Amino acid sequence: MPATRAKTTILNLFLLISNTPLTSATKQDIHLVNPLIGSTAGGNVFAGASLPYGLAKPVADVDGQNTGGFSTDGSNVTGFSSLHDSGTGGNPSLGNFPLFPQLCPDDVNGCRFGKDARKIHYKGDSMRAKPGFFGLELENGIQVDMTAAHKTAVYRFTFPSGQRSGGANGEDLDPVISIDLTDLWESRQNASISVDSDTARIKGNGTFLPSFGAGSYQTYFCADFGGAKVKDGGIWVNDRAGSEPKELFVTRGFNNFYVQAGGWISFQRPDDGIVTARVGVSYISTDQACSNAEEEVTDIVGDFEKLQEHATSAWSEKLSPIKVIPGGVNDDMLSSFWSGIYRTMLSPQDMTGENPLWDSDEPYFDSFYCLWDAFRAQHPFLTIIDPEAQSRMVRSLIDTYKHEGWLPDCRMSLCKGWTQGGSNADVVLADAYVKNLTGIDWELAYKAMVNDAENEPLEWSYEGRGGLQSWKRLNYIPYLDFDYLGFGTNSRSISRTVEYAYDDYCLSVVGKGIGKDDYTKYLSRSGNWRNIYKEDQQSFLENGTDTGFTGFFQPKYMNGTWGFQDPIACSALASWCSLTSNPSETFESSIWEYLFYVPHDMAKLVKLLGGSDSFVKRLDYFHDSGLADIGNEPVFLTVYEYHYAGRPALSTKRLHNYIPRTFNATNNGLPGNDDSGAMGSFLAWGMMGLFPNPGQSVYLISPPFFESIEITHPETNKTATIRNVNFDVNYERIYIQSAKLNGKPYTKNWVDHAFFTEGMTLELVLGDVESGWGTRKEDLPPSVSDNIVQGKMERA
């Protein structure tokens, strides 16, 4: 090639590379985060303003789908409150002390104070939501915008002009803002409030119930107002108000008579119509709520834009480890991706310094809601993009054990949440161990895990494990267990058996790693799942059609005889099963789904179910028949389990069947509760091209949904890259034909955590047909029964 032409070619190549749209959340792509994805149809996301892991979470509360506060279902706004959880199911969570703005005729008793009386529709096209900001307009013309610091919410109420008293020539009505001593669930047990009209400050506190747990919690607020001159203030009870007294204590009320009560403050209408409220929150005291607000927001009126900009920057920084070359992928797909990642960092909430239950120098995180949902994808995702935060969360779990005696499985608002399956904090700790998270006391962590495995608490409905006598003696959890050591919902014998087995495997991993001789005991227990497998059990659909598959888990009595649960029960084709609704021997999933939950020994499971071809047929039937519930977390790993049968291409095919059909950028773009970011992290992993088997240093390979993606490890500063060759934006070429790791041929269908920490490059050549890549026995991920050393992969 002539020298001049060579230089020109190199220059053109350089220009092509430099002009390739490498996008990252630190630059233009932060605008692609859409907090309204999943804001209706049961996604239950928190759509409001928050910092990463922030405590203050202001949003509009509605009377429709209000589990996360707000929904785009067109229902009525009942208030604007500062504490929320995201993506949870069941009862609405938090929503304490909502503010409500009004323009009231005559005097203050022209206002409407009770929730049903004051509620009003929002204008359907007025919602604006982005990281650190939420706003909408009510049908009466009042615009409400909000942003957040870590423990402080700031609301900007813009009252319209032209609404006059005394007829057309009267004065503009003056603004009134009320505060309601309630929460979304109306669980308040008691509360108090004090109104200081001279300083424009309202303080209060209340005792409430958690939405999915035991006990009660107290929370406190301190609201200051600016931008307008105060006219008067006072309290209200049951839709009547007065200027005196200025303080109130209220209990729940008698029987079903829930007393509605709170405070109010009125203002002379400012020229610009804007009244700003700064609301500090705390779980310690009203004084600390005031201190939080004063330290975080010094200028009530002037800091709004600065706070919003800070929130945008904070989110940009958290999302910055990931960079994407879209390769022509449209903005809707990119929005789904970035928004899923965003939601992984709304909860758990960093409540360090806000824990009144014990004194500690360790971090305190709350709203683990619940680890049964989050351990599968969310916490492994945080491990790669925010390992420091994940390490602090693990330390918080261990510190909770240190002071309360048990690792939590579910925790919210300082309360113990209901345990859904096993002791799933064990999986979170093992995942942190095999991925070398730093700053963790592993001796104490192991002690906490052993406590779960060996000691039964009196109340195992919200901590530890039940049925440990049978677990140790019979090697399974029996149906109708005789358990006099502790008390809980005596159900879920199948799901608890398979979960306990994996929990014990995770315990063995940590024990072996830190040199404990008893790790072999827990490794042996990890095989207990086999004891509830009934090889001749058939499965029929509700219409009597034989599914054609034999061999399923079944409940087993203490004497070793079999009970019966229909394998399709509790599936998407049958009835819902939970702790309180139709409790059964599986939790929130069918025997069909739990049959695939043997994360540590998939090779044994594949063999048990008749080998690779038979396993693939069964897995296909599970997904194609409607038995699989993609809206609930136990299904996640099943999407990728074709890898273990030597058919990784089918995992990719299955993933593309769910994305974007059930995961997309619409307001109803989630198939179920986001569960504090669990759904978001499943989506992000899938689009990124890897999926974790948590508790193991294993990531299953599937081509990214983009031309290329980079993940820079925040601690090692090494950049891992996954690049598609022959990328097809129409997703016709989705099957891996060959791969290279760091430039050398690579045939394994998985990588380990060093891929991220050492910054490796994985190049995937794509085609439109399934190939032989990743199909040989030596290419499959590790399983206990194969005696493969966990976490070892060939280095290219």
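Residues numbered from 1 in each chain as written. Predicted model: local features only at pLDDT ≥ 70, side-chain atom pairs only at ≥ 80, totals over all residues. Heavy atoms only, no water.

1. As for the overall build of the protein
Selection rule: A run of DSSP states H or I qualifies as a helix once it reaches four residues; a run of E qualifies as a strand once it reaches two. Both are numbered from the N-terminal end. Every radius of gyration here is taken over C-alpha atoms, with the globule rule written as 2.2 Å times N^0.38, N being the number of residues. In what follows, residue pairs with any heavy atoms lying within 4.5 Å of each other are defined as contacts.
A count of helical and extended segments in the protein gives 19 helices and 34 strands. Taken against the 2.2 N^0.38 rule, which gives 28 Å for 796 residues, the C-alpha radius of gyration of the protein at 28 Å falls within 12% of a compact globule. The principal-axis extents of the C-alpha atoms in the protein amount to approximately 85 × 85 × 55 Å. Here the contacts in the protein between residues at least 6 apart in sequence split such that 70% fall between residues at least 24 apart.

2. What to know about the sheet that holds strand β24 (residues 415-417)
Pairing between the strands of a sheet comes from backbone hydrogen bonds, and it takes one of two forms, parallel or antiparallel. Rules: By this definition, two strands are paired if DSSP reports at least two bridges between them.
Within the open sheet, the 3 strands sit side by side as β13-β24-β23. Their pairing is antiparallel. Of all the strands in the sheet, just β13 (213-214) and β23 (411-412) have a single pairing partner and so form its edges. Bridge analysis of β23 against β24 gives 2 bridges, and the strand direction is antiparallel. Bridged to Arg411 within β24 is Lys416.

3. A short note on the pairing of strand β9 (residues 152-158)
Cut-off, in case you're wondering: Relative accessibility under 20% of the residue-type maximum defines a buried residue, over 50% an exposed one, and the middle range a partly exposed one, all with a 1.4 Å probe and only protein chains included.
The buried count for β9 comes to 6 of 7 residues, which makes it a mostly enclosed element. Relative to β9, strand β8 (residues 143-148) runs antiparallel, the two being bridged by 6 bridges. If you follow Thr147 over to β9, its bridge partner there is Val154. In sequence, β8 turns back onto β9 through a hairpin of 3 residues. With 7 bridges joining them, β9 and strand β19 (residues 274-282) adopt antiparallel strand pairing. Looking across to β19, one finds that Ala153 is bridged to Val279.

4. Things to note about the pattern of salt bridges
Put simply, the rule reads: Salt bridge, as applied in this entry: a Lys or Arg side-chain nitrogen positioned within 4 Å of an Asp or Glu carboxyl oxygen.
Summed over the entire model, instances satisfying the criterion amount to 35 salt bridges. Where Lys231 meets Asp174, a salt bridge forms, and the shortest distance between an N and an O atom there is 2.7 Å. Of the two residues, Lys231 sits in strand β15 (residues 230-237) while Asp174 sits in the loop between β9 and β10 (175-180), which places them 57 residues apart along the sequence. For Glu454, the salt bridge goes to Lys472, with nearest N and O atoms at 3.0 Å. Of this pair, Glu454 sits in helix α10 (residues 442-454) while Lys472 is found in helix α11 (residues 468-473), placing the two residues 18 residues apart along the sequence.

5. What about the packing of aromatic side chains?
Defined as follows: Two aromatic rings, drawn from Phe, Tyr or Trp (for Trp, its six-membered ring), form a pair once their centres lie within 6.5 Å of each other, and the interplanar angle then sorts them: stacked below 30 degrees, edge-to-face above 60, tilted otherwise.
Counted under the stated rule, the structure contains 43 aromatic pairs. Arranged with centres 6.2 Å apart and planes meeting at 50 degrees, the rings of Tyr217 and Tyr283 form a pair that is tilted. Here Tyr283 lies in the loop between β19 and α3 (286-296) and Tyr217 lies in strand β14 (residues 217-226), a separation of 66 residues in the sequence. Each of the two residues, Tyr217 as well as Tyr283, counts as buried. For the ring pair Tyr502 and Tyr597, a centre distance of 6.0 Å and an interplane angle of 80 degrees mean the geometry is edge-to-face. Here Tyr502 is found in helix α12 (residues 493-513), whereas its partner Tyr597 is found in the loop between α14 (591-594) and α15 (602-608), with 95 residues between them in sequence. Both residues of the pair, Tyr502 and Tyr597, count as buried. Counting every residue linked through ring pairs, the aromatic cluster contains Phe97, Phe208, Tyr217, Phe221 and Tyr283.

6. As for the packing of helix α8 (residues 387-404) against α10
Our working rule: Every axis in this analysis is a line fitted to C-alpha atoms, fitted for helices over the stretch in contact. Angles between the N-to-C directions lie between 0 and 180 degrees. In this scheme the handedness of a crossing depends on how the near helix is turned from the far one: anticlockwise by less than a right angle means left-handed, clockwise means right-handed. The residue classification treats Ala, Val, Leu, Ile, Met, Phe, Trp, Tyr, Cys and Pro as nonpolar and Asp, Glu, Lys and Arg as charged. All others, Gly included, are polar.
Between α8 and α10, the least distance of the axes is 10 Å, while the angle of their chain directions is 65 degrees. Considering only the axes of α8 and α10, their crossing is left-handed. Contacts between α8 and α10 involve Ile398, Tyr401 and Lys402 from the first element and Leu444, Ala445, Lys447, Ala448 and Asn451 from the second. Among the residues making up the contact of α8 with α10, the classes are represented as 5 nonpolar, 1 polar and 2 charged.

7. A closer look at helix α7 (residues 378-385)
The buried fraction of α7 is high, at 8 of 8 residues. Listed in full, the buried residues belonging to α7 are Gln378, His379, Pro380, Phe381, Leu382, Thr383, Ile384 and Ile385.

8. Examining the confidence of the model for the protein
Formally: pLDDT gives the predictor's per-residue confidence on a scale running from 0 to 100.
In this model, the protein carries an average pLDDT of 94, and 94% of its residues clear a pLDDT of 70 or more. Below pLDDT 50 for its whole length, residues 1-22 participates in 9 contacts with residues either more than four positions away or in separate chains.

9. Structural notes on the pairing of β19
Regular strands place side chains that alternate from one sheet face to the opposite one. With 8 of its 9 residues buried, β19 lies for the most part within the structure. Bridge count for β14 against β19 is 7 bridges, and the pairing is antiparallel. Across the sheet, the residue bridging to Asp224 is Arg278, located in β19.

10. Topic: the environment of Leu474
You can see Leu474 is positioned in the loop between α11 and α12. Classification of Leu474 as buried rests on a relative accessible area of 16%. Separated by 289 residues in the primary sequence, Leu474 and Trp185 place their C-alpha atoms 42 Å from one another.

11. What to know about the sheet that holds strand β28 (residues 699-701)
Spatially, the 3 strands line up as an open sheet ordered β27-β28-β33, and their pairing is antiparallel. Each edge of the open sheet is held by one strand with a lone partner, namely β27 (690-692) and β33 (750-751). Looking at chain direction, β28 and β33 are connected through 2 bridges and run antiparallel. Bridging from a neighbouring strand, Tyr699 pairs with Val751 of β33. Of the strands in this sheet, β27 and β28 touch helix α18 (residues 678-688), which is tilted by about 135 degrees from β27.

12. Section: the nonpolar core
The test is simple: Only buried Ala, Val, Leu, Ile, Met, Phe, Trp, Tyr and Cys residues count toward a nonpolar core, and they belong to the same one when joined by side-chain atoms within 4.5 Å.
If you look at the biggest cluster of nonpolar residues, it comprises 211 residues, and the most contacted ones within it are Phe70, Phe225, Ile322 and Phe337. A per-element tally of this core places α12 first, with 10 residues. One finds Val176, Trp236, Ala241 and Trp264 within the second-largest nonpolar core, a separate group that totals 8 residues.

13. A few points about the environment of Tyr258
Our working rule: Here a polar contact means two N or O atoms within 3.5 Å. Within protein one must be a hydrogen donor candidate and the other an acceptor candidate, and residues neighboring in sequence count only if both atoms are side-chain atoms.
Inspection of the secondary structure puts Tyr258 in the loop between β17 (247-251) and β18 (261-267). The sequence separation of Tyr258 and Lys617 amounts to 359 residues, and the corresponding C-alpha distance is 55 Å. When neighbours within four sequence positions are excluded, Tyr258 is seen to be in contact with Leu181, Thr182, Asp183, Glu186, Ser187, Arg188 and Arg252. A distance of 2.8 Å separates the side chain of Tyr258 from the side chain of Thr182, its partner in a polar contact.

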